[in-house]
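Structural features, examined
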Amino acid sequence: MPIEYYLLIAGVILLSVELAVPGFGIFGIGGLICLTGGGYFLLGGGFPALAVLLGFYLVAALVLAFLCVYLPKESKWNPFVLWDKQQNSAGYTGGSDFSALLGKQGVALTTLRPAGTALIEGKRYDVSSLGDFLPKDSQIVVAKVEGSKLFVDLVKE
């Protein structure tokens with residue numbers, strides 16, 4: 001069997017290994033080199049074979065560039081992007097604003113290690129302590145609010 005067939009088979013095997021094994025592209029580059037060499041010898045060598053391979057790689061690069069520009073704009077090709085805007089009228093809401101609770105006092109309904117539940121102004125809230133262990137039924141104060149997270153500390157008497 002001539003060498004061009006061995007190169008083509010080696011190229012296909014190396015590209016298959018590149019698909020199956022995560023790596024740095026060494027198998028993929030080696031596979032492309034083998035396929036290019038096999039194609040060069042299969043086409044008879046010389047300048048005409050080089051021109052055909054160069055034309056093939058040029059067309060492949062243009063198609064790849066077109067796909068890189070076109071496909072990200074198509075939602076069916078990019079399932080990881082949320083294309084629809086979420087409206088409040090459709091039931092989408094953001095987190096609650098707890099900034100009004102800053103400085104309010106309450107009582108720990110559960111042990112805070114550091115997360116738990118507290119009763120603040122007659123309502124139950126999921127809270128976190130500022131890193132300390134706080135026992136159940138201890139008097140707490142909201143020390144910090146980050147978005148919808150409440151951070152509490154012991155009431156200093």
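In case you missed it, the structure is sitting above this.
Residues numbered from 1 in each chain as written. Predicted model: local features only at pLDDT ≥ 70, side-chain atom pairs only at ≥ 80, totals over all residues. Heavy atoms only, no water.

Tracing the sequence through the fold places Ser-138 in the loop between strand 3 (123-129) and strand 4 (139-146). Look past the residues within four positions of Ser-138 in its chain and what remains in contact with it is Gly-106, Val-107, Ala-108 and Leu-154. (Helix = DSSP H or I, 4+ residues; strand = E, 2+ residues; numbered from the N terminus. Contact = heavy atoms within 4.5 Å.)

Along the chain, the position of Gly-95 falls in the loop between helix 3 (46-70) and strand 1 (105-108). Taking the C-alpha atoms as reference points, Gly-95 and Gly-147, separated by 52 residues in sequence, lie 7.3 Å from one another.

For the rest of this paragraph, the subject is the pattern of salt bridges. A full pass over the atoms with the stated rule returns three salt bridges. In this structure, Glu-121 and Lys-104 form a salt bridge, with 3.3 Å as the shortest nitrogen-oxygen distance. One end of the pair, Glu-121, is in the loop between strand 2 (115-120) and strand 3; the other, Lys-104, is in the loop between helix 3 and strand 1, with 17 residues separating them in the sequence. Glu-121 sits in the exposed class, given a relative accessible area of 53%. The exposure class of Lys-104 is partly exposed, given its relative accessible area of 32%. Its salt-bridge partner being Lys-144, residue Glu-146 comes within 3.3 Å of it at the nearest N-O pair. Classification of Glu-146 by relative accessible area gives partly exposed; the value is 43%. Its relative accessible area of 37% is what places Lys-144 among the partly exposed residues. (Salt bridge = Lys/Arg side-chain N within 4 Å of Asp/Glu carboxyl O. Buried < 20%, exposed > 50% of the residue type's maximum accessible area, 1.4 Å probe, protein only.)

Moving on to the sheet that holds strand 1. Read around the closed barrel, five strands run 1-2-3-5-4, paired in mixed fashion. On average, each strand axis in the sheet is tilted by 55° relative to the strand beside it, whichever way the strands run. Relative to strand 5 (residues 149-154), strand 3 is paired through three bridges, and the arrangement is parallel. Its bridge partner lying in strand 5, Val-127 is registered against Leu-150. (Pairing = 2+ DSSP bridges. Axes fitted to C-alpha atoms, helices over the stretch in contact; angles between N-to-C directions.)

A word on the packing of aromatic side chains. Think of a pair of aromatic rings as described by two things: how far the centres are apart, and how the planes are tilted against each other in angle. Considering all chains together, one arrives at three aromatic pairs under this definition. An angle of 70° between the planes, with centres 5.5 Å apart, marks the rings of Tyr-40 and Phe-41 as edge-to-face. Using a relative accessible area of 26% as the deciding quantity, one classes Tyr-40 as partly exposed. Seen in terms of ring centroids, Phe-98 and Tyr-125 are 5.5 Å apart; in terms of plane orientation they differ by 85°. Their pairing is edge-to-face. With Phe-98 in the loop between helix 3 and strand 1 and Tyr-125 in strand 3, the pair connects residues that are 27 residues apart, well separated along the chain. Across the ring face of Phe-151, the terminal group of Lys-144 is positioned such that the distance to the ring centre comes to 5.0 Å. (Phe/Tyr/Trp six-rings, centres within 6.5 Å; stacked < 30°, edge-to-face > 60°. Lys NZ or Arg CZ within 6 Å of the ring centre and 35° of its normal.)

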